[in-house]
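Residue-level listing of the chains:
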Amino acid sequence: MAASITMSVSQINDYAAKLVARDFLLKNVRVSGEAANVKCHVSGHLYLSLNDENSSIRCFIPAENVDEIGFIPQDGDKLTIIGSVGIYRQAGQFQIVGRAIEKQGEGELYKRFIQLKRKLESEGLFDLSKKERIPMYPRAIGVITSESGSVLHDIINVTKRRFPDMNLVLYPVTVQGAMATDDIIRALDIAQSDRKCDVLIIARGGGSMEDISTFNDESLVRAIAKCSIPTVSAVGHETDYTLSDYAADLRAPTPSAAAEICVPMQESIVSKIDGSVRDMNQYVQSRILTTDYRLQSLMAAVSTDAMTEHLNNEIRHIDSLCDIMKMCVESKIDTLDSNIKGLNESIEALSPVNVMSRGYAMIEHNGHYVSEYSDIKHGDEIFIHMKDGTHEAVIVDRR
């Protein structure tokens, strides 16, 4: 017996995965079966099981491929998955990594869908920059759908619940068959001509890819893309995608969801209006108070101006009195100057120098000027002060 090899679980799974990856036949397979356990992850990846009468195999479709597929399978759908076979190493399970999915019997229809989608995308028909905003508060909503069936009934029910007074305008059309495309294009033209609606819902119920093929018609897709009224496409179930969805300004997963999107809640609008009225009243009251305050300030300013004028008059009166007092003081000063000048002249006339210039002399004895005859006696030494000099003398005789 050959010796056994000890391997870990990871090593076994890695080895088996490499063996499968090297198999040329398993790199490109088409596997048909019935879908089960379909799950779309938040990441966008799609997981499901593909079953036949004897076996089951897990399938994984990456998010980037899901976008290209254009629809999400439902449990029980007969599918053909195109991809490669591999092993999910963490669980050691076989799985198909899918690149594309075809509903059995619709392979050619799906191929035409993908080809047209790529063509219109390359023309920029689906660019987000060309999408119009869906109005928040439409005056009327147009509904392009069959007048019989559950779709219109669902839209009406949602509208009545959200906004009972909303105006719905029905443009009845056939949504399946040879006449459907022309019917819907004609309804779009009428809606744009009568301008009754602010937004259009284009809706129909679910069905197979062939059933909803009208909404993949190139002429209809182009008509929706150039429509001057904002459009919401609501075709089929949540997992169904049509080219009309890409051309419209917004895609809704179901007709009911389209109504939820387009019809505002009346209670919410009334509440907002009430709030706006309250805000307006508060604003008006605030403006009244502000205006009253400014008026009071203006009146106070007028009163202050009158007081200021009165004070200015008093100041001008005081200035006048000051001018008069200044004139009086100046006159008094002139009078005093004249008197002082007269006194100076008198003093100058009586000055000893001026007296001596007229021939008089002054006699000094013992540091005092002699004014009396009896102030000196025989033998006293005196000084005789004259205009141009002083003489020393002795009294030798008195008469």
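Predicted, not measured: the structure shown is a model, and the values here were computed from it.

Draft legend 1. Summary view of unusual backbone geometry. With a phi angle near 55°, N37 is a residue other than glycine that sits in the positive phi range. Mapped onto the elements of the fold, N37 is located in strand β1 (residues 29-40). Given a relative accessible area of 52%, N37 falls into the exposed group. Positive phi, normally seen in glycine, also occurs at R195, with a value near 50°. Among the secondary structure elements, R195 is positioned in the loop between α5 (180-194) and β8 (199-204).

Draft legend 2. Local environment of the packing of aromatic side chains. The full count for this structure, using the stated rule, is three aromatic pairs. Their ring planes at 35° and their centres at 5.3 Å tell us that Y47 and F60 sit as a pair that is tilted. Remark: F60 occurs in strand β3 (residues 56-61) and Y47 occurs in strand β2 (residues 46-51); sequence separation between them is 13 residues. The exposure class of Y47 is partly exposed, given its relative accessible area of 32%.

Draft legend 3. Main features of the sheet that holds strand β11 (residues 362-365). The four strands are arranged β12-β11-β13-β14 in an open sheet whose pairing can be described as antiparallel. This sheet does not close on itself; its edge strands, each paired only once, are β12 (368-369) and β14 (389-394). Summarising the sheet, strand β13 (residues 381-386) and β14 pair through six bridges and their orientation is antiparallel. Opposite E381, over in β14, you have V394 as the bridge partner.

Draft legend 4. Region of the structure containing α5. Between its first and last C-alpha, α5 extends 21 Å over 15 residues, near the 21 Å set by a 1.5 Å rise per residue. Those residues of α5 lying buried are A180, T181, D183, I184, I185, A187, L188 and A191. Looking at the buried side of α5, the elements it contacts are β6 (140-145), β7 (167-172), β8 and α6 (218-225).

Draft legend 5. Focus on the packing of helix α4 (residues 150-162) against helix α8 (residues 255-262). One can describe the packing of α4 onto α8 by two numbers: an axis separation of 8 Å at closest approach and a directional angle of 30°. In terms of axis orientation, α4 runs roughly parallel to α8. Where α4 crosses over α8, the handedness of that crossing is right-handed. Contacts from V151, D154, I155, V158, T159, R161 and R162 of α4 reach α8 at P255, S256, A259 and E260. Grouping the constituent residues of the contact of α4 with α8 by class yields five nonpolar, two polar and four charged.

The rules behind the values
- Residues numbered from 1 in each chain as written.
- Predicted model: local features only at pLDDT ≥ 70, side-chain atom pairs only at ≥ 80, totals over all residues.
- Heavy atoms only, no water.
- Helix = DSSP H or I, 4+ residues; strand = E, 2+ residues; numbered from the N terminus.
- Buried < 20%, exposed > 50% of the residue type's maximum accessible area, 1.4 Å probe, protein only.
- Phe/Tyr/Trp six-rings, centres within 6.5 Å; stacked < 30°, edge-to-face > 60°.
- Pairing = 2+ DSSP bridges.
- Expected span 1.5 Å × (residues − 1).
- Contact = heavy atoms within 4.5 Å.
- Axes fitted to C-alpha atoms, helices over the stretch in contact; angles between N-to-C directions.
- Parallel < 35°, antiparallel > 145°, perpendicular 65-115°, else oblique.
- Left-handed = near helix turned anticlockwise from the far one by under 90°.
- Nonpolar A, V, L, I, M, F, W, Y, C, P; charged D, E, K, R; others polar.

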